[in-house]
Amino acid sequence: MIEDNMPKVAIIGRPNVGKSTLINRICKNTEAIVHREPMITRDRKYYTTDWNGKYFQLLDTGGIDMKSKQRLTMQILLQTKKAIDESDLIIFLVDLKEPLSPMDEEIIKIVRKTDKKIILVGNKHDNTEGQYFTEDFLKLGFGYPLKISAVHGINIGDLLDEIVKGISDIGTQTIAQEDKKTIPSIAILGQPNVGKSTLFNSIIREERTIVDEVAGTTRDSIDSVVSVNNKKYKFIDTAGLKKNKLHEENLEYYSKLRTVRTIEKSDVGLILFDCTKPITKQDLKIVETCIEKRVGTCIVFNKTDIVGADVMEKLVEDFGRKLKFVKFVPFLKISALKGKGLKSIFKMIDLLMEERGKKISDSKLTNLFKELEEQSILYWKGKKFRIKFMRQTKTSPPIFLVFSNMDIRKKTSIKRFIENTIRDNFGFMGTPMSFRFKY
C-alpha cells in the first residue's frame, strides 16, 4: 500500500532518455540504477520527495520499446500503463540530442488516452552550444519542451516548480519521521529465481513487480508498505544475489550493491531458499551478509508445494548442518505461488522485531555471569576469565559493552561463550548481536 493521499508523478519515455538519472537528481540520491544498457528499469518504483514543502511520489518506469515483441518488454509496457493510471501528473521525457522518433510518437498516443496533465521535458540539454532537435518535438502538440540536464542539474528547479504547480490542488501529507521509524523494513532476499518477486506480489496483493522465468529479472529494489491487522510493514523486493564472478558485469555489480544497501537499511531479512535445489555456498553467503549487516534474519523455504516430506526433511537437516554458525536463525516453510504460509511470515516479523528491540538490564547481565563465574573453565595463559560488568548499550540491533579482567578482543572462544550464554538465557532469536570489549 503506497501512501494514498500523496500526489503521484509518473516519468514516461523510451529507453535511455534519462528517466532514472532524473529520479536520482530530484531525490538527491543514487537509488535508481543508471546504465548505458537499455531497459535497466523494469518495474515501476516509487520514490518519495518534496519541493518547497510539497510532498509527492515519483514513479520510475521502464523504457517503452513498442517494436519489441519480447515477453519482458510487454510486461514493462504493462507496468508503465499501470503507472500512468495511478499518477496525477505525467512527465513525458525525451532526448533533445536525438530527433523525434516513431517510438516517441507511439508513446505519446498511449499518454494522450488519459486526461492527466502532461509536462513535456527535453533531457540532455547540457550546454547552449550543442546541437539539439528541440523544434522537432513541437509536432507532439505540447509546445516547446522544458529543457533540462538530469546529469548536470540544469533547470531541475524549474521542472520541480512545474510539477508542484501541476499537483497543487491535490491533497498531500507530510511524513512524520516518528511514523516512518515505527514501520519495520523487510528485505526479501535470495538467489535469482527462488520466488522473491512472487512472494512480494502475494504479500502486496498486486503484480507490481515483474515475475518472469528469466534469471535476474529484478535489477533494482522495489518496496511497498502493506497494512495487516492495523500494523504497517514495508516490504522490499531485491535483485537476486548471484555468486561472485572474476569479471562481473558493471551492471550486475551495481545491482548487487543496491541489494546490499537495502540489507543495511532493513530491520529484517527474509532469505528465500528454493526447496527443489540443494543449499549452495551462495545461499550461505547471503545469510552471512545479513548477519554481518546486523539485520533480523529468517530462512524461508519456498516452493514447498512441489516437494515431498522426505525432501523437506533432508533439506532442513542439511540446513542445520551447514549453518551451525547461526543456530539462532529460525526458518519457515511456504509456497509463495500458492499463497501458503504468508500469515506465518507476519507473525515471524513481529517476533523478530520484538527480539531485535529487547533490552536486558545491567544487573541481569552482570549477575548472570557472576553466577557462572565459579563453574567457568575459561582460562587464558593460566588466568581465569572474569566479567566485571556488562551493559546493553543499544537495541535494534543489540550491542553489549563488556568489562573484563583481560583483553579478549581476539579470543573467539571466549566471545562465543559470552554470546551463547546471553542467547541461552535471554533469547534474541534471529537477531545478530555486537560486542564492545574493555579491560
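Residues numbered from 1 in each chain as written. Predicted model: local features only at pLDDT ≥ 70, side-chain atom pairs only at ≥ 80, totals over all residues. Heavy atoms only, no water.

S.K.: Looking at this structure, how should I read the side chain of Thr 421?
M.R.: Tracing the sequence through the fold places Thr 421 in helix α12 (residues 412-426). The buried category is assigned to Thr 421, whose relative accessible area is 8%. At 2.7 Å, the side chain of Thr 421 and the backbone oxygen of Phe 417 are in polar contact. Among residues more than four places away in sequence, those in contact with Thr 421 are Leu 368, Phe 369 and Leu 372. (Helix = DSSP H or I, 4+ residues; strand = E, 2+ residues; numbered from the N terminus. Buried < 20%, exposed > 50% of the residue type's maximum accessible area, 1.4 Å probe, protein only. Polar contact = N/O pair within 3.5 Å; in protein donor to acceptor, adjacent residues only side chain to side chain. Contact = heavy atoms within 4.5 Å.)

S.K.: Which parts of the structure should I look at to understand the packing of helix α11 (residues 362-373) against α12?
M.R.: One way to put it is that α11 packs onto α12 with a least axis distance of 11 Å and a crossing angle of 110°. As the angle between them shows, α11 and α12 are arranged roughly perpendicular. The handedness of the crossing between α11 and α12 is right-handed. The residues of α12 that touch α11, namely those facing Lys 364, Leu 365, Leu 368, Phe 369 and Leu 372, are Phe 417, Ile 418, Thr 421, Ile 422, Asn 425 and Phe 426. Its residues assigned to classes, the contact of α11 with α12 comprises 8 nonpolar, 2 polar and 1 charged. (Axes fitted to C-alpha atoms, helices over the stretch in contact; angles between N-to-C directions. Parallel < 35°, antiparallel > 145°, perpendicular 65-115°, else oblique. Left-handed = near helix turned anticlockwise from the far one by under 90°. Nonpolar A, V, L, I, M, F, W, Y, C, P; charged D, E, K, R; others polar.)

S.K.: Honestly, the environment of Ser 266 in this entry has me stumped. Any pointers?
M.R.: Of note, Ser 266 is situated in the loop between α7 (250-265) and β10 (268-274). Separated by 27 residues in sequence, Ser 266 and Lys 293 have C-alpha atoms that sit 9.1 Å apart. The residues touching Ser 266, leaving out its near neighbours within four places in the chain, are Ser 185, Ala 187, Ile 236, Val 295 and Arg 356. A distance of 2.6 Å separates a polar atom in the side chain of Ser 266 from the backbone oxygen of Thr 262.

S.K.: When you look at helix α8 (residues 281-292) in this model, what are you seeing that I'm missing?
M.R.: Helical geometry note: an α-helix holds 3.6 residues per turn, so side chains three or four residues apart project in the same direction. Compared with an ideal rise of 1.5 Å per residue, which puts 12 residues at 16 Å, α8 spans 16 Å between its outermost C-alpha atoms and is within 8% of the ideal. Phi turns positive one or two residues past the end of α8, at Arg 294, with a value near 65°. (Expected span 1.5 Å × (residues − 1).)

S.K.: Would you mind showing me how to read the environment of Asp 318 here?
M.R.: When you line up the elements, Asp 318 lands in helix α9 (residues 309-322). For the pair Asp 318 and Ile 279, spaced 39 residues apart in sequence, the C-alpha separation works out to 7.6 Å.

S.K.: Is there a simple way to think about the pairing of strand β16 (residues 399-404) in this case?
M.R.: Here is the key point about a regular strand: its side chains alternate between the two faces of the sheet. The buried fraction of β16 amounts to 5 of the 6 residues, a majority that puts the element mostly inside the structure. In this sheet, β16 lies alongside strand β15 (residues 387-394) in antiparallel orientation, the contact comprising 6 bridges. Residue Met 390 lies in a different strand from β16, and its bridge partner there is Val 402. Counting the residues in the hairpin turn of β15 and β16 gives 4 residues, including Ser 396, whose phi is positive at 50°. Where β16 meets strand β17 (residues 434-438), 5 bridges bridge the pair, whose relative direction is parallel. In the strand pairing of β17, Val 402 is matched with Phe 437. Handedness of the β16-α12-β17 crossover: right-handed. (Pairing = 2+ DSSP bridges. Right-handed = clockwise from strand over helix to strand, strands pointing away.)

S.K.: In this structure, what is going on with the sheet that holds β15? I would like to understand it.
M.R.: Hydrogen bonds between backbone groups are what pair the strands of a sheet, and the pairing can be parallel or antiparallel. Judged by pairing direction, the sheet is mixed, and its 3 strands sit side by side in the order β15-β16-β17 without closing on themselves. Because the sheet does not close on itself, it has two edges, and the strands there are β15 and β17. Averaged over all pairs of adjacent strands, the angle between their axes in this sheet comes to 20°, without regard to strand direction.

S.K.: Would you mind showing me how to read the layout of surface pockets here?
M.R.: To find leftover empty space, one rolls a probe the size of a water molecule over the atoms. Space inside the second largest pocket adds up to approximately 670 Å³. In this structure, the second largest pocket is lined by 22 residues; those nearest its centre are Phe 325, Lys 415, Arg 416, Glu 419 and Met 433. Put simply, the parts of the chain that give the lining of the second largest pocket at least two residues each are α8, α12 and β17. Top element by residues in the lining of the second largest pocket is α12. It accounts for 7 residues. Residue composition of the lining of the second largest pocket, by class: 8 nonpolar, 3 polar and 11 charged. (1 Å grid on protein atoms, 1.4 Å probe; cavity = no way out; pocket = protein on both sides within 12 Å on 5 of 7 lines; lining within 4 Å. Points joined across faces, edges and corners; volume = space filled by probe spheres on them.)

S.K.: Where do I start with the packing of aromatic side chains in this structure?
M.R.: Aromatic ring pairs: the centre-centre distance and the angle between the two ring planes describe each pair. According to the stated counting rule, one finds 12 aromatic pairs in the structure shown. On the numbers, 5.1 Å between centres and 65° between planes, the contact of Tyr 233 with Phe 346 is edge-to-face. Of this pair, Tyr 233 sits in strand β9 (residues 231-237) while Phe 346 is found in helix α10 (residues 342-356), placing the two residues 113 residues apart along the sequence. Exposure class is identical for Tyr 233 and Phe 346. Each is buried. Here the aromatic rings of Phe 369 and Phe 417 are separated by 6.2 Å at their centres, their planes lie at 80°, and the arrangement is edge-to-face. Here the residue Phe 369 occupies a position in helix α11, and Phe 417 occupies one in helix α12, the gap between them amounting to 48 residues. According to the relative accessible area criterion, Phe 369 is buried, its value standing at 5%. Sitting above the plane of the Phe 428 ring, Lys 358 keeps its charged end 5.4 Å from the centroid. Above the face of the Phe 328 ring, Arg 423 is positioned so that its terminal group lies 3.6 Å from the ring centre. (Phe/Tyr/Trp six-rings, centres within 6.5 Å; stacked < 30°, edge-to-face > 60°. Lys NZ or Arg CZ within 6 Å of the ring centre and 35° of its normal.)

S.K.: When you look at the packing of helix α1 (residues 19-27) against helix α4 (residues 156-166) in this model, what are you seeing that I'm missing?
M.R.: Helix-helix packing: each pair is described by the crossing angle between the helix axes and the interaxial distance. Closest axis-to-axis distance for the α1/α4 pair is 11 Å, and the angle between their directions is 85°. Classified by the interaxial angle, the pair formed by α1 and α4 is roughly perpendicular. The residues of α4 that touch α1, namely those facing Leu 22, Arg 25 and Ile 26, are Ile 156, Leu 159 and Leu 160. The residue inventory of the contact of α1 with α4, partitioned by class, reads 5 nonpolar, no polar and 1 charged.

S.K.: What should I look at first to understand the pattern of salt bridges in this one?
M.R.: Charged atoms that come close allow side chains of opposite charge to pair. Tallied over the full model, the rule gives 16 salt bridges. Asp 274 is paired through a salt bridge with Lys 303; the nearest N and O atoms lie 3.0 Å apart. Linking Asp 274 in strand β10 with Lys 303 in the loop between β11 (296-302) and α9, this pair joins segments that are 29 residues apart in sequence. A residue is classified by how much of its surface remains accessible, and Asp 274, at 6% relative accessible area, is buried. With a relative accessible area of 23%, Lys 303 lands in the partly exposed category. Residue Asp 318 pairs with Lys 322 through a salt bridge whose shortest N-O separation is 3.5 Å. (Salt bridge = Lys/Arg side-chain N within 4 Å of Asp/Glu carboxyl O.)

None of this, on its own, says anything about what the molecule does.
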